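Okay, here's what each chain looks like letter by letter:
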Amino acid sequence: MEASAGLVAGSHNRNELVVIRRESGAGGGGAAAGRSEAPCQICGDDVGVGFDGEPFVACNECAFPVCRACYEYERREGSQACPQCRTRYKRLKGCPRVAGDEEEDGVDDLEGEFGLQDGAGREDDPQYVAESMLRAQMSYGRGGDAHAFNAVPNVPLLTNGQMVDDIPPEQHALVPSYTGGGGGGGGKRIHPLPFADPSLPVQPRSMDPSKDLAAYGYGSVAWKERMEGWKQKQERLQQLRSEGGGDWDGDDADLPLMDEARQPLSRKIPIPSSRINPYRMIIIIRLVVLGFFFHYRVMHPVNDAFALWLISVICEIWFAMSWILDQFPKWLPIERETYLDRLSLRFDKEGRPSQLAPVDFFVSTVDPSKEPPLVTANTVLSILAVDYPVDKVSCYVSDDGAAMLTFEALSETSEFAKKWVPFCKKFNIEPRAPEWYFQQKIDYLKDKVAASFVRERRAMKREYEEFKVRINALVAKAQKVPEEGWTMQDGSPWPGNNVRDHPGMIQVFLGQSGGRDTEGNELPRLVYVSREKRPGYDHHKKAGAMNALVRVSAVLSNAPYLLNLDCDHYVNNSKAIKEAMCFMMDPLVGKKVCYVQFPQRFDGIDRHDRYANRNVVFFDINMKGLDGIQGPIYVGTGCVFRRQALYGYDAPKTKKPPSRTCNCWPKWCLCCCCSRNKKKTTKSKPENKKKRLFFKKAENPSPAYALGEIEEGVPGAENEKAGIVNQQKLEKKFGQSSVFVASTLLENGGTLKSASPASLLKEAIHVISCGYEDKTDWGKEIGWIYGSITEDILTGFKMHCHGWRSIYCIPKRPAFKGSAPLNLSDRLHQVLRWALGSVEIFFSKHCPLWYGYGGGLKFLERFSYINSIVYPWTSIPLLAYCTLPAICLLTGKFITPELTNVASIWFMALFICIFVTGILEMRWSGVAIDDWWRNEQFWVIGGVSSHLFAVFQGLLKVLAGIDTSFTVTSKAGDDEEFSELYTFKWTTLLIPPTTLLLLNFIGVVAGVSNAINNGYESWGPLFGKLFFAFWVIVHLYPFLKGLVGRQNRTPTIVIVWSILLASIFSLLWVRIDPFLAKNDGPLLEECGLDCN
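Now for a description of the structure that goes with this document. Since the structure is predicted, the reported quantities are computational estimates derived from the model, not experimental observations. Here, residues in each chain are numbered from 1, in the same order as that chain's written sequence. Reporting in this predicted model follows two pLDDT cut-offs: at least 70 for local features of residues, and 80 or more for side-chain atom pairs to be given and counted; totals over whole chains, interfaces and linings ignore these cut-offs and use all residues. The side-chain quantities take in all heavy atoms of the structure and omit both hydrogens and water.

1. Brief notes about the overall build of the chain
Item 1. Secondary structure is summarised from DSSP: a helix means a run of H or I of at least four residues, a strand means a run of E of at least two, and numbering begins at the N terminus for each. Helix and strand content of the chain: 32 helices and 19 strands.
Item 2. Relative accessibility thresholds used throughout: buried, under 20% of the residue-type maximum; exposed, over 50%; partly exposed, between the two (1.4 Å probe, protein chains only). Counting all 1092 residues of the chain, 48% fall into the buried class.
Item 3. Contacts are assigned to residue pairs that have any heavy atoms within 4.5 Å of one another. Of the contacts made within the chain by residues no fewer than 6 positions apart, 74% connect residues no fewer than 24 positions apart.
Item 4. When the accessible surface of the chain is summed, it comes to about 55400 Å², and 56% of that surface belongs to carbon and sulfur atoms. Here the Shrake-Rupley method, with its probe set to 1.4 Å, supplies the accessible areas, and only the displayed protein chains count as covering residues.

2. A look at the nonpolar core
Item 1. Here, nonpolar core means buried Ala, Val, Leu, Ile, Met, Phe, Trp, Tyr and Cys residues that are tied together by side-chain atoms lying within 4.5 Å of each other. Core analysis: the largest hydrophobic core is formed by 94 residues, its most contacted members being F641, Y647 and F740.
Item 2. Beyond its immediate chain neighbours, meaning those up to four positions away, F740 contacts V550, R551, A554, V555, Y647, F734, V767, Y772 and W778.
Item 3. Ranked by size, the runner-up nonpolar core spans 75 residues in total, among them V359, I383, A576 and A580.

3. Focus: the sheet that holds strand β12 (residues 601-603)
Item 1. In short, DSSP must find at least two bridges between two strands for them to pair. Reading across from one edge, β10-β17-β12 is the order of the three strands in this open sheet, with mixed pairing throughout. Strands at the two margins of the open sheet, each flanked by one partner only, are β10 (570-571) and β12.
Item 2. Inspection of the sheet shows β12 paired to strand β17 (residues 816-819) by three bridges, in the parallel sense. What sits directly across from F602, in β17, is G818.

4. A word on the environment of E77
Item 1. For E77, the location among the structural elements is in helix α2 (residues 68-77).
Item 2. Overall, E77 belongs to the partly exposed group, its relative accessible area being 45%.
Item 3. Sequence separation between E77 and V98 is 21 residues; the distance between their C-alpha atoms is 9.9 Å.

5. Notes on the packing of helix α6 (residues 273-299) against helix α26 (residues 901-925)
Item 1. Where helices are involved, their axes are fitted lines through C-alpha atoms of the stretch in contact, as for all axes, and angles between N-to-C directions lie from 0 to 180°. Contact geometry of α6 with α26 gives a least axis separation of 9 Å together with a crossing angle of 155°. Considering the angle they form, α6 stands roughly antiparallel to α26. Crossing geometry of α6 relative to α26 is assigned as left-handed.
Item 2. Broken down by class, the residue content of the contact of α6 with α26 amounts to 20 nonpolar, two polar and five charged. Should an angle fall under 35 degrees it is taken as roughly parallel, and over 145 as roughly antiparallel, whereas 65 to 115 is taken as roughly perpendicular and any remaining angle as oblique. Two helices that cross are described as forming a left-handed crossing if the nearer one is turned anticlockwise from the farther one by less than a right angle, and a right-handed crossing if clockwise. Under this grouping Gly is polar, as are all residues other than the nonpolar Ala, Val, Leu, Ile, Met, Phe, Trp, Tyr, Cys and Pro and the charged Asp, Glu, Lys and Arg.

6. What about the pattern of salt bridges?
Item 1. By definition, a salt bridge exists where a carboxyl oxygen of Asp or Glu is found within 4 Å of a side-chain nitrogen of Lys or Arg. Applying the stated rule across the entire model yields 29 salt bridges.
Item 2. We note a salt bridge from D326 to K330, for which the minimum N-O separation is 3.1 Å.
Item 3. Among the residues examined, K330 registers a relative accessible area of 4% and is labelled buried.
Item 4. Between D777 and K733 there is a salt bridge, with the nearest N and O atoms lying 2.9 Å from each other. Taken together, the residues span a long stretch of sequence, with D777 in the loop between α21 (757-767) and α22 (791-801) and K733 in helix α19 (residues 727-734) at a distance of 44 residues.

7. Points about the side chain of N378
Item 1. Residue position: N378 is located in helix α9 (residues 373-384).
Item 2. Ignoring any residue separated from it by four or fewer positions in sequence, one finds N378 in contact with A433, P434, E435, Y464 and Y570.

8. Some details on the side chain of D620
Item 1. Within the secondary structure, D620 is located in helix α15 (residues 616-627).
Item 2. A relative accessible area of 14% means that D620 is categorised as buried.
Item 3. Only 3.0 Å separates the side chain of D620 from the side chain of R601, close enough to count as a polar contact. Each polar contact in these results corresponds to two N or O atoms within 3.5 Å; when the atoms are within protein, one needs to be able to donate a hydrogen and the other to accept it, and residues that are neighboring in sequence are counted only if both atoms are side-chain atoms.

9. Quick notes on the packing of helix α10 (residues 404-427) against helix α12 (residues 453-477)
Item 1. Here α10 crosses α12 at 175°, and the two axes come no closer than 10 Å. As far as their axial angle goes, α12 and α10 are roughly antiparallel. Together, L405, E408, A409, E412, T413, F416, K419, W420, F423, K426 and F427 of α10 and F453, E456, R457, M460, E463, Y464, F467, R470, I471, L474 and V475 of α12 make up the contact between the two elements.
Item 2. Class assignment for the residues of the contact of α10 with α12 results in 13 nonpolar, one polar and eight charged.

What follows is the structure, encoded as structure tokens:
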């Protein structure tokens, strides 16, 4: 699809398709129109393009318009001559050889010459299967291919397929006999293959003794040198094995293999045992101590405060269960290391075409007033400038708000990218988001040796500032919407003027024939997408937008891997994609990997990280623990997906080695066992006449076999009908789009060669229509899963249930960086949204408590998912537990009886275990104590506010169908650095923690005053209650600081302690009564007698 084709808008249901050309692209559009080909004069289809990308020309004499399919049919079945000039057709590159072509030379095309890319021998090619299905031919092979498919063994041919004297190629040394006989030539494969398949028998033929061995490839100087080199490598490898003690199993990543390109692309780095073993031991000890602690708590109730005792015990049991769910998924933490140099040696050698897999980037945005266009532009620019082959990068921007501001900003971004991308790649700068690059407070001349760098950097900074001015002008212009709506440059109305009722829109800004940079180099593809919106449809928010991007990208580029980013997360490490490919393209571990998750890192957070925005404990402790089990959970951004995993397929099964029989058993025993097995198989055969393989994939099957329905017992089914794809069932799963359904069969990606750009464009509009997902598995089994506003948890959970595993990748330089809410209210609302999503999952059918048993989800991984949906419910016991200290101080009662010596030991042991667990956790993970303590504090702050509201809001939504929302109103703000941190925004989420603080402050004052009044004996029991209350106050301290703290005013702690001490001293003053007159005489008391 041309980058200058203009904005395409349309609705499949209304049969509308409109092309709106931009003024700046008028020239390009004329050029494209001038190149339009005439239709085929035989079948009427488009002529299409050839191998070189130019229009296909069958006859070089008269250029009579004939498509490739008709050209090949005429050469194979017809007169082999042009219908117009009657000149004999010559064989073109990529076409199979036919009779009469032997005298033609000059075309070096082995695969096309022997029909390996078209026609015969392509029954196992996913591209061929997909294109056949697209033309409603669901069987393998085309009309003229009546021969049976011959298996091609992976055997290296020593003579490279060349004729040696009078020996034909099929009789060369080490060629299996069944590759040279019979059938059509399409099944032959005479060019060398890299590896041999040990499962195929090799039948070497006898060699002519009269000929020199060099004629067969043996005995030559090159052959002798290769043999000597091979022997030396084997000797060195044997020496390494012997030095290792003989227990080398081939999986040691530190073993220097001989061939650098065959070494693993990544390795696991286990946590040293000196750090992880004490951590595991203290966990076991803590479990034992918990058992004795609860035994004492249950067996020793407090009779005079039974209600308080019962509530406290229930809360403590819940906290213990929550700790177990959170703790045991950290039992097997690991780290990983990647080798980018090995990836380049294997797939991206200099001077050769890159073999790296294509990647489609997804960027989602909704409202430009909340997500500034300049932020989105920086994210897009950082994607376009990644260190990856440009022809393998496509960026899709989803505008779910159909805002013309986003469209115009993306147009400006595409123009600025023509200058920014070559500058980044020329000087290898980091990061490649201009806003953050020019804001860096570092020495930007470090490691820069080019004399022109300073001059070009200054010029680029000026260009970026002008770009920012243009974006700001667009934002200012968009503040006031015209009454008649927005209009485009050519005067046509903007299709998205009605946000809730508009057609689907697609615009290709960069890519393919349009949009080269200032140095004439090709740029990655940049596509604007806004899916169709109509009243009465549930569009499923972000999850629906992401699924629309999955379908559009499958039609237009169909990369086998996808990477999704929020609009405020830019690429901070230009090599991040290669880091992910070290796992995805690794031949050992890559096939079972559904996604590679990167940790979230943030810019613009205050140094102390008051509200734990960085989530360091989660990303550097919990996620490393999950990586040692089945992989980290999906966190919504910064994740590279395997497209096939998003389509709901099961992970490939690892083939088990054949079982061995023991020769020590008697023969009659073996015969009995065999007879029993035969009886079982004969009984089960009639019951399983059909094997339904929906979403079941073997280790290396063609996707068509994995998705089809194979019938057994039919004569010839193995050869002719063994891969019949049930198109109706596929369309029921994926939707009514033959192009998209065909693209799902291409496991390694790639677009369909037989489809024209016009048809792809029409299909792209079709797959983003609002009714496309009706009665399909989208959002249920395929793509991003619906049912919760935290669709990321559900999507990753479904993949793990299918047996996939995920990988956690932490590069030395953070892969992506984003922005996080600074002030207290925005942070609480963010946590509220996450907690509400977890509550929705808890009430859905996908709840990890009861979903996915019998699948591929591991036990400890299920623990983690259960913890991710149960944690909001901890808010109820947490709120009750934080209220208990104030009640105890006000009533003079306590939740525990007077402690004995043994009970004191268990209490002290429990507190020591809690502290030691945290210390050892920080030791093996490298997390600082400040980050760990901030996480503990915000666990209490979020638990008594956001999580509590999420539980009640979820209950109202599920049980009563009431969907509530919380509004945030800004009250104040400054222009100083981190001014938003001190901005006060009132919200109802602030009420519970504020109430808890006041209650505990009042309780402390009341408890101290009561102890002063009652004398010395009451101070002993008071210390336990005060410790309990101070535990609550210290955890809520960041919240209190967010309410009244300012950088340039009296510190909050001074104000708090001033109030507290003032209250205590006031009570002491009243107790002493210094102004009451004292009597120095003797004390007179009444004797009780009536003297009168």
